[in-house]
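# Chain and residue survey
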Amino acid sequence: NFTSPFYPIDLITGIRPMGKMQSSHVTPTDHLYIERSPNPDKSQDTEYVVAPADGVIVKISRFPEDNTYLLGVATPEKVPDYRVIVMHSCTFFTIFIHLGELAPSIAEATGEITHGNTWFGTGSSPIPVKAGDQIAKFGGQTLDWSVHDSDTTLRGFVIPEHYESEPWKIHTVDPFPFYEELLRSALISKVMRTVEPIAGKIDYDIEGTIAGNWFLDGTVDYSGS
C-alpha cells in the first residue's frame, strides 16, 4: 500500500490522466501529469517529492539538458531534470520524471550525475527510502508519475513485443487503488477526468480493427528507426 502522498496534496492543482496524445507523444502516455500552482518566487520552492511507500531507489537518470521552465515561469536559471525509479518490491515500482534538485541524502549517495548520464543502484547499492522520505524537489510546474506492476500485463496491446524498448509500458497500472481511502479520495479529487477509468487508459488495440497503436514498417517498433 501507498501510505504517503508523494507531494502535498493541497499544492497539487490538477492531475491529468494517462492516455494523452500530444506533441512527441504519438501513443497514449503511460504516466499521469501532476500540476502545481506557478510561483515565481523560487525561494519558496522548498517542498520535496517523497516516496509513497517503503522501497529502494535503483536508478536515477539526468536528462541531457536542464529544465529552464521553473514554477510556470521561463527563466535563465536552470535546475537539473531527473528521472527516478523506486522499487517497492521485486515486481512493483514507481517512476517520477522531471524531478529537480535531489534531496541532500540522495545526492550524497549518488554523487554528481552529469548531463545525459545515469546512476544505477546495481553499480553501487540501492538507496533505501521509507514512505515520506524526500527524493527530490518538484523541478518545474509539472511532473510525470507512473506506477508499474510486472505481475500485471495490459490486455489491450495486441503485440506486446512492440514495446520491448520500454518494457515497463505494458505493465502500467492505476496508482490510486494502492492508496488508503482518505488519501485516494483526496488525490482523485484533483484528477481532471470524471468518469472511469479515472486514471485513464493507454491500451486501445482491438484485434481485427484499426483501433489502437500502429507502427511504420522498419522503424523497429516503439524504439524508433
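Structure first, text after, so check above.
First things first, this report covers the structure right here in the doc. From a predicted model like this one, the values you see are computed outputs, not experimental measurements.

Turning our attention to the layout of surface pockets. Reported here for the largest pocket is a volume of approximately 820 Å³. For the largest pocket, the lining is made up of 36 residues, of which Ser24, His25, His31, His98 and Asp144 are closest to its centre. Where the lining of the largest pocket is concerned, the elements lending two or more residues are β4 (55-62), β5 (67-70), β8 (92-99) and β12 (142-149). Considering only residue class, the lining of the largest pocket consists of twelve nonpolar, 16 polar and eight charged. Volume-wise, the second largest pocket comes out at about 280 Å³. Split by residue class, the lining of the second largest pocket holds eight nonpolar, six polar and four charged.

Among the secondary structure elements, His88 is positioned in the loop between β7 (82-87) and β8. Looking at His88, its side chain comes within polar contact range of the side chain of Thr94, at 2.7 Å. When residues no more than four places from it in sequence are discounted, the contact partners of His88 are Phe2, Pro52, Ala53, Asp54, Gly55, Phe93 and Thr94.

Before going further, it helps to spend a moment on the pattern of salt bridges. Applying the stated criterion to the full structure yields seven salt bridges. Close ionic contact of Lys169 with Glu166 constitutes a salt bridge, the shortest N to O distance being 3.2 Å. Since its relative accessible area comes to 4%, Lys169 is described here as buried. For Glu166, a relative accessible area of 24% puts it in the partly exposed group. Residues joined by salt bridges that share partners form a network here, namely Asp30, Glu166 and Lys169.

All right, on to the nonpolar core then. One finds Phe6, Ile34, Ile57, Ile60, Leu99, Ile135 and Trp145 to be the most contacted residues of the largest nonpolar core, which totals 47 residues. Sequence-distant contacts of Ile34, that is, excluding residues within four places in its chain, are made with Phe6, Ile12, Gly14, Ile15, Phe138, Gln141, Thr142, Leu143 and Trp145.

What counts, and at which threshold
- Residues numbered from 1 in each chain as written.
- Predicted model: local features only at pLDDT ≥ 70, side-chain atom pairs only at ≥ 80, totals over all residues.
- Heavy atoms only, no water.
- 1 Å grid on protein atoms, 1.4 Å probe; cavity = no way out; pocket = protein on both sides within 12 Å on 5 of 7 lines; lining within 4 Å.
- Points joined across faces, edges and corners; volume = space filled by probe spheres on them.
- Helix = DSSP H or I, 4+ residues; strand = E, 2+ residues; numbered from the N terminus.
- Nonpolar A, V, L, I, M, F, W, Y, C, P; charged D, E, K, R; others polar.
- Polar contact = N/O pair within 3.5 Å; in protein donor to acceptor, adjacent residues only side chain to side chain.
- Contact = heavy atoms within 4.5 Å.
- Salt bridge = Lys/Arg side-chain N within 4 Å of Asp/Glu carboxyl O.
- Buried < 20%, exposed > 50% of the residue type's maximum accessible area, 1.4 Å probe, protein only.
- Core = buried A, V, L, I, M, F, W, Y, C linked by side-chain atoms within 4.5 Å.

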